[in-house]
Amino acid sequence: MQENTHRPLLLLAVYVLACFHHEPVVDSLLQKRLPLDRDAMELWSILGRSSLGVQVLKYLTQKLEAAGENSPGPHSAAHELDHSQAALESLTLPRAISEVVFLLPAKERVQRLLPRLLPGLLGEISKALGEGMLLAPLRCQRGLFFSASRSEDKPRSPYCEALELVLSRCMEKRWLLLLWRQGAWASLKNPQAHADGVCLLTSVLLRNQLVTRGVIWALSQWLNSPSGNLQLTATAFFAELMKDPPVMEKKFLESVLGVLVEKSQHGIGAVRQMAVRGLGNAVRGAPKEVHKHKAAILEVLQRGLENTTCPVVAAESMLALAEVVRKLKAEGLGSAFKDIARSTKRFLEAEPDVLRFSAFSLYAVLASSASGKRSFFTREVWETWVSLLLHLRDPDPEVSNVCRTTLYVCAPFLVLERVQQTIVTSIGLSAAQLQYEVCHCLVRDAPAMLEKLHSIARSRRLENGQALHPAAVAVLGDILEKTRGLSGSWQQPE
């Protein structure tokens, strides 16, 4: 349209045409190249504000779903033309959805379309990340939410922008602020953090009761999709869903649990990790189903500890086992309790921080659940007390914090009462001060244990032959140097 006095009439004519044939008008607008010119922007605004807004949004939703289902067909000139048009629409479609959703007067209409809009937009975000998403190592979940970047600018991904706008019409502003502060939008478009972003998004959707049967059904179709990206996105969604599943979908949980067990053997490490996380979450969200399939789940998680090629899978397996042990206790686990304890202590000196964090976390739960296996766990702590002592000053702050908790719950299994008392009354002491106080007790009450520390310092290996973590070696040297004056007769370690 040219700048002239007839422009308002031309805009009105297009609107009148859309009233009778909105689909061709929308198709024509979707072929406009970005950035949209003034006329295209105004037309989308007119359509969004008008009574046609709901119909236009429904048609855009159909286009979004069709874009997600399209696959390459036979090579031909007509196919190339269709592909060219589809490629152009893929750029303008999220922008059109954003414009219409932003201006649509009735937000409840957006909420009704959410079971179709959410999977469509999330699927396009997932596929846009390419194969790099499947190769990038994921981070292991720590803390209340996720270790995503919290410093992000306004999202630049058009599909992320569209999804944010859609959700702004479906939930309160405080939840959108939470998603932003936790870095959800940055995570969703980051190959390494996409799965964590999906988990965070799902947790917020659950709290807002926006995970409907339609959303669950749509994402369940991705679990066996030819696209590895969609499989990972769906597995992450169901992993978080298992933590707090909607009441109406309880019957669906058993089949999801079976899928997660199957996905735990997937060829893609990221999918395995999300499946294992889901099994751990299921302990809280579906305890009856977990108890029914206890043997299969324990087998999967214990096998995960043997996955040395993918440390995050082993770490996630330990965090999931912590949930299982916390629920079933030593009595409910039978002989598996001892197997888990023996496997876990192998990771206390592991090089990756995430393995040490998960190992100390699981070991703390084992200690608090070992009332029925007291004699066994007393022998285990006798083998692990050196690692528990040294990693109080682990270079990773999260590892050192969880190690302190683990040492506290393991204190009752230590034979020396004075050492037990020192540990349980150590509130206010720094990690270095607590180490010094423990060694002071050893000088007076257990010189053989102090001699063991000297022997380990010389060999840089624990008594079971496992190499100490380099940081633990340095900490041990510092401890023995400071306690040398107390023991008097001890020689300085090599």
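Residues numbered from 1 in each chain as written. Predicted model: local features only at pLDDT ≥ 70, side-chain atom pairs only at ≥ 80, totals over all residues. Heavy atoms only, no water.

Things to note about the confidence of the model for the protein
Phase 1: Put simply, the protein has an average pLDDT of 84, and 85% of its residues get 70 or more.
Phase 2: Across the protein, the element-wise mean pLDDT spans from 66 in helix α1 (residues 7-20) up to 96 in helix α20 (residues 353-368).
Phase 3: Counted against residues more than four places away or in other chains, residues 71-81, with its pLDDT under 50, gives 4 contacts.
Phase 4: Confidence over residues 143-151 falls short of pLDDT 50; this stretch has 24 contacts with residues more than four positions distant or in other chains. (pLDDT = per-residue confidence, 0-100. Helix = DSSP H or I, 4+ residues; strand = E, 2+ residues; numbered from the N terminus. Contact = heavy atoms within 4.5 Å.)

Describing the side chain of D394
Phase 1: When you line up the elements, D394 lands in the loop between α21 (374-390) and α22 (397-410).
Phase 2: Given the relative accessible area of 7%, D394 is considered buried.
Phase 3: A polar atom in the side chain of D394 sits 2.8 Å from the side chain of R356.
Phase 4: The residues contacting D394, other than those within four sequence positions of it, are R356, V399 and S400. (Buried < 20%, exposed > 50% of the residue type's maximum accessible area, 1.4 Å probe, protein only. Polar contact = N/O pair within 3.5 Å; in protein donor to acceptor, adjacent residues only side chain to side chain.)

Thoughts on empty space enclosed by the protein
Phase 1: Here the structure, examined in full by the defined rule, presents 4 cavities of 30 Å³ or more.
Phase 2: Each pocket or cavity is described by its volume, and for the largest cavity that value is around 70 Å³.
Phase 3: Together, W385, L389, L407, L414, V419, I423, V438, L442 and M449 line the largest cavity.
Phase 4: Put simply, the parts of the chain that give the lining of the largest cavity at least two residues each are α21, α23 (417-424) and α24 (431-445).
Phase 5: Classifying every residue of the lining of the largest cavity gives 9 nonpolar, no polar and no charged. (1 Å grid on protein atoms, 1.4 Å probe; cavity = no way out; pocket = protein on both sides within 12 Å on 5 of 7 lines; lining within 4 Å. Points joined across faces, edges and corners; volume = space filled by probe spheres on them. Nonpolar A, V, L, I, M, F, W, Y, C, P; charged D, E, K, R; others polar.)

Things to note about helix α25 (residues 447-459)
Phase 1: For α25, spanning 13 residues, the distance from its first C-alpha to its last is 19 Å, which sits close to the expected 18 Å at 1.5 Å a residue.
Phase 2: When we look at burial in α25, the residues that qualify are M449, L450, K452, L453, H454, I456 and A457.
Phase 3: One or two residues past the end of α25 sits R460, with phi positive at roughly 60 degrees. (Expected span 1.5 Å × (residues − 1).)

Things to note about the pattern of salt bridges
Phase 1: Summed over all chains, the structure comprises 20 salt bridges.
Phase 2: Here R95 and E99 are joined by a salt bridge, their closest N and O atoms 3.5 Å apart. Here the residue R95 and the residue E99 both occupy positions in helix α5 (residues 77-103), the gap between them amounting to 4 residues, near one helical turn.
Phase 3: Overall, R95 belongs to the partly exposed group, its relative accessible area being 31%.
Phase 4: On the basis of relative accessibility, which here comes to 14%, the residue E99 falls in the buried class.
Phase 5: With its nearest N and O atoms 2.8 Å apart, the salt bridge here joins D394 to R356. Linking D394 in the loop between α21 and α22 with R356 in helix α20, this pair joins segments that are 38 residues apart in sequence. For the residue pair D394 and R356, the accessibility class agrees, reading buried in each case.
Phase 6: Overlapping salt bridges bring together D196, R277 and E316 as one network. (Salt bridge = Lys/Arg side-chain N within 4 Å of Asp/Glu carboxyl O.)

Digging into the packing of helix α17 (residues 294-304) against helix α18 (residues 311-333)
Phase 1: Relative to each other, α17 and α18 sit at 140 degrees, their axes nearing to 9 Å. Relative to α18, the element α17 lies oblique. Here α17 and α18 pass one another in a crossing that is left-handed. Contacts from K294, L298, L301 and G304 of α17 reach α18 at V313, A314, S317, A320, L321, V324, L328, G332 and L333.
Phase 2: Counted by class, the contact of α17 with α18 contains 9 nonpolar, 3 polar and 1 charged residues. (Axes fitted to C-alpha atoms, helices over the stretch in contact; angles between N-to-C directions. Parallel < 35°, antiparallel > 145°, perpendicular 65-115°, else oblique. Left-handed = near helix turned anticlockwise from the far one by under 90°.)

Some points on the nonpolar core
Phase 1: Formed by 160 residues in total, the largest nonpolar core has its most connected members in W44, L60, I97, L167, F377 and L453.
Phase 2: Aside from chain neighbours lying at most four places away, what touches L167 is L114, L176, L179, W185, L201 and L205. (Core = buried A, V, L, I, M, F, W, Y, C linked by side-chain atoms within 4.5 Å.)

Observations concerning the environment of T425
Phase 1: Mapped onto the elements, T425 comes out in the loop between α23 and α24.
Phase 2: For the pair T425 and Y408, spaced 17 residues apart in sequence, the C-alpha separation works out to 9.3 Å.

Here's the deal with the environment of L223
Phase 1: Considering the arrangement of structural elements, one finds L223 in the loop between α12 (213-220) and α13 (228-241).
Phase 2: A relative accessible area of 9% means that L223 is categorised as buried.
Phase 3: Each C-alpha atom, one on L223 and one on V259, is 8.2 Å from the other, the two residues being 36 residues apart in sequence.
Phase 4: With residues up to four places along the chain from it excluded, the contact list for L223 reads Q231, A234, T235, F238, V259 and K263.

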